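A look at the structure
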Amino acid sequence: MRSVRQRRTAIGASLLAVLALVAAGCGSSNNDSGDSGSGGQDVPGADALDKASGVTKITFWHGMKGANGEAVDKMVKAFNAAHTGKIEVTAVYQGDYDETITKYKTSVQQGNTPSVVQIYDIGSRFMIDSKQTVPVQSFADKDGYALDSIEPNIANYYSIDGKLNSMPFNTSMPLLYINKEAFVKAGLDPNKPPTNLDEIMADAKKLTVKQGGKTVQYGFNAAIYGWFIEQLIAQSGSTYCDNDNGRKDLATKVNFADEQGVKVATWYQQMVKQGLMPNTGKKTDDAQAVFKSGTSAMHLESTGSLRGYLDAAKGKFTVLTAPFPHLTASDSGGPIIGGASLWIDGPGHSDAEKRASWEFVKFASSPEQQAAWHTGTGYFPINSKALDLPEDKAWVAQYPQFTTAITQLHNTKPTNASSGCILGVMPQARKASEDGLEKAVLGTDPTQAMKAAADSIKPQIDQYNKTVKK
Amino acid sequence: MLVPCLVVFALFIVWPLGKSVSLSLHGSDLFGRPDAFVGLQHYRDMLGSAEFRHILWVTFAFVLLTVIPGVLGGLVIVLLLEQHIKGIRIFRTAFALPFAFSVASASVIFATIYNPAIGLANGLLGRFGVDRIGWLTDPSWALISVSITTVWMSIGYNVLVLSAGIGAIPAEINEAATLDGAGGWRASRHITIPLLGPQLFFLIVISTIQSLQGFGQIKILTPEGGPEQSTKTLVYSIYHTAFANNASDFGAASAQAIVLLVILLVCTAVQFGVLERRVHYK
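In the annotation of an unreviewed UniProt entry, the entry for chain A reads ABC transporter substrate-binding protein, and the organism field reads Kribbella capetownensis. Heading Sequence similarities (unreviewed entry) of the UniProt record for chain A holds this comment: "Belongs to the bacterial solute-binding protein 1 family."

Quick look at the structure:
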């Protein structure tokens, strides 16, 4: 027998271990946010950097990994080489977009924000409300720097009242991907791809192949991804949230439970129910794997996936691209052009640092760097002049599938609908729309499913707006 | 002598715990900083919501689905490994191997196995004429699939601990039993299993705690709480409320963390109160 004392110690130690493990998971926060002095968001003159002695060091936080991360490092290296002895940029990978914004928030709490940070499109409203950044437009106005070579459709997303808040950096668009051989085998013309949801369904019926009661090829597949809902609603020319997509005033509600969102949910539900598409859930990786394996004939994904698909399909099938589908045949809208942008931080940074950040942001958006970025990653160049450079032209010639994206971008008329909803809790709204879509796919009435999802996000919108207006 | 220990205890346990309690009584601003004092509002909202009851139910189901198969499975494997057959060491190593896998890599491998259209699991079932299962996309399967992965990951450790326990049983006890005519299952039931009591008790307590805190596999296999929130456990919910999708409601998340702490304390206390009495220490 163990003695009572030993047992007590054991019990005590176990309870302590429990306490420690739980406490460790809860984190803590500091109350002070560092100085957010009145001049924090102002723009210093160019002389601030000229007068600075020694090397001005700035930090750049980003969310790019793999080949994209290498492209960022290459760009930073080129910048540092061009500014030796004057400016030195240190790039830090902070995890994916979600993790980057979470770490950014912590840095605001602790009062040591990075000089430049890359934030995803749907974090834009939050970044504006955080009052931590200096609008890119203010720098441009002060210097008389022309921003007109930035693709207007892209600039539109990051502008409110015609003022550019952050510099677009990496942009992707959704496309309809096509397995050419599957089309040919089914007697369909791969050069006449479906252009709207109904046509996709009709073609998917011809493209779904069954053997002995088992589906060996699905006509279509896509992830349950909120981005697609946003895109399809924009394609129909409607807004995703009220107050002109949150551009006239803070948005107070989402519109994805309206006719258009319900149409998307009904369509997904039918596609799965009729066995034309597998339900691979919300994870885009799982949906991508299905298309890459050649098990699906049509597929929705971002332009950013093109390179990976071409590599995966090599020797197995031919990947073609087509414009992202419209919701109905009569739609006249276009897709939203998002991605991520670069924000310059103000409060807590010296004037020389702010100017150095601006120099870096200008560099990152220059035609040469954007052409290198485009060819290195597959993201769309945000600078229209990049497409005229010879190395970019050579790349597009090598991957003609990318032309679809260029045409799609240039055909889109900038409107409130195609500029996308700017909402403080947009990341949560996107997830809520996915919950609704998933419910519909699993059998709930699409109208009810989307309504419940839209209702679920309302308290969070209200809470956010209340916090911001305080 | 006690002072350094107390300082560490205060710094790493009492202070964060106090901070969590304090956070749970405040609202949160845009960056997650505590703002207005809201008293017990977070607790009232939480305990009054149907969603929270659902989360508790999922948490409880996850514990049952992982602890019982994990410990029992480990025990069965260890008893089987006691057989004196050729090449048994290979099996011993093989069964202990999952212990060496990280949560992330195991989850990613299982995610490909579970893929409804092209995954290995449905491919095998298809050969036997079984229809495709939405392992991670069907709300009635998702928690089971995540539990299978969790059991697979924890069983290696259970096998290691129980093997060590069996190795420590004196040979003469087994010899005596054999002489008395008790072999095979009877020896296992009346000799080996009772003598493994301390190890089994340890594994049950540890597995319960680990299960209540399970996170990596849940997040990787079923993002956003899975289909119809069917895999949203309490720990996942804490993460979701505090960090996911640019949320920063540290107040409500801290309130959930305090509830988790209470549940863990109660579970562990009950296990010590009820189970430990039956454990036979040498």
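On we go from here.
**Things to note about the overall build of chain A**
What chain A contains, in helices and strands, is 20 helices and 13 strands. Whereas a compact globule of 470 residues would reach a radius of gyration of roughly 23 Å, chain A reaches 25 Å, a difference of no more than 12%. Taken over the C-alpha atoms alone, chain A extends approximately 80 × 70 × 45 Å along its principal axes. The buried share of chain A, taken over its 470 residues, is 53%.

**Thoughts on the interface of chain A and chain B**
Across the boundary between the two partners, chain A contributes 48 residues, which contact 44 residues of chain B. With eleven residues, helix α1 (residues 4–26) of chain A is the largest single contributor of residues to the side of chain A that touches chain B. Here the side of chain A that touches chain B is composed, by residue class, of 20 nonpolar, 16 polar and twelve charged.

**Side note on helix α16 (residues 367–377) of chain A**
Residue and element names in this part refer to chain A. Counting buried positions along α16 gives eight out of eleven residues, so the element sits mostly inside the fold. Among the residues of α16, those classed as buried are Q369, Q370, A371, A372, W373, H374, T375 and T377. Residues of α16 that are buried sit in contact with α3 (66–82), β7 (167–170), α15 (351–364) and α17 (390–398). One or two steps after α16, the chain reaches G378, where phi turns positive at roughly 95°.

**Observations regarding the domain arrangement of chain A**
Residues and elements named next belong to chain A. Domain parsing of chain A yields domain 1 (41–172 + 338–388) and domain 2 (174–334 + 416–469). One C-alpha centre belongs to domain 1, the other to domain 2, and the line joining them spans 30 Å. Across the contact, 15 residues belong to domain 1 and 16 residues belong to domain 2. Residue assignment for the side of domain 1 that touches domain 2 shows that the elements contributing at least two residues are α5 (124–129) and α7 (152–157). If you tally residues by element for the side of domain 1 that touches domain 2, the top one is α5, at four residues. Grouping the constituent residues of the side of domain 1 that touches domain 2 by class yields six nonpolar, six polar and three charged.

**Some points on α3 of chain A**
All names here are of chain A. Taking 1.5 Å per residue, 17 residues should reach 24 Å; α3 reaches 25 Å between its end C-alpha atoms and fits that length. Among the residues of α3, those classed as buried are A71, V72 and M75. What you see down the axis of α3 is that its buried residues fit within an arc of 100°, all on one side. Looking at α3, the residues exposed on the side facing more than 90 degrees away from the buried face are G66, A67, K77 and A81. Looking at the buried positions of α3, the neighbouring elements they touch are β1 (56–62), β2 (87–93), α15 and α16.

**As for the sheet that holds strand β8 (residues 174–179) of chain A**
Residue and element names in this part refer to chain A. Reading across the sheet, the three strands line up as β11-β8-β12 and stay open at both edges, with antiparallel pairing between neighbours. Edge positions in the sheet fall to β11 (298–302) and β12 (319–323), since each has one partner strand and no second. Looking at each pair of strands side by side, their axes are set apart by 35° on average, direction ignored. Strand direction decides the pairing type here: β8 and β11, joined by five bridges, are antiparallel. Following the sheet pairing, I178 is matched in β11 by M298.

Cut-off values and rules
Residues numbered from 1 in each chain as written. Chains lettered and ligands numbered in written order. Predicted model: local features only at pLDDT ≥ 70, side-chain atom pairs only at ≥ 80, totals over all residues. UniProt positions renumbered as here; feature names shortened; annotations may be inferred. Helix = DSSP H or I, 4+ residues; strand = E, 2+ residues; numbered from the N terminus. Rg over C-alpha atoms; globule rule 2.2 N^0.38 Å. Buried ≥ 20, exposed ≤ 12 C-beta atoms within 10 Å, placed from the backbone. Contact = placed C-beta atoms within 7 Å. Nonpolar A, V, L, I, M, F, W, Y, C, P; charged D, E, K, R; others polar. Domains from an automatic or database assignment. Expected span 1.5 Å × (residues − 1). Arc of directions from axis to C-beta. Pairing = 2+ DSSP bridges. Axes fitted to C-alpha atoms, helices over the stretch in contact; angles between N-to-C directions.

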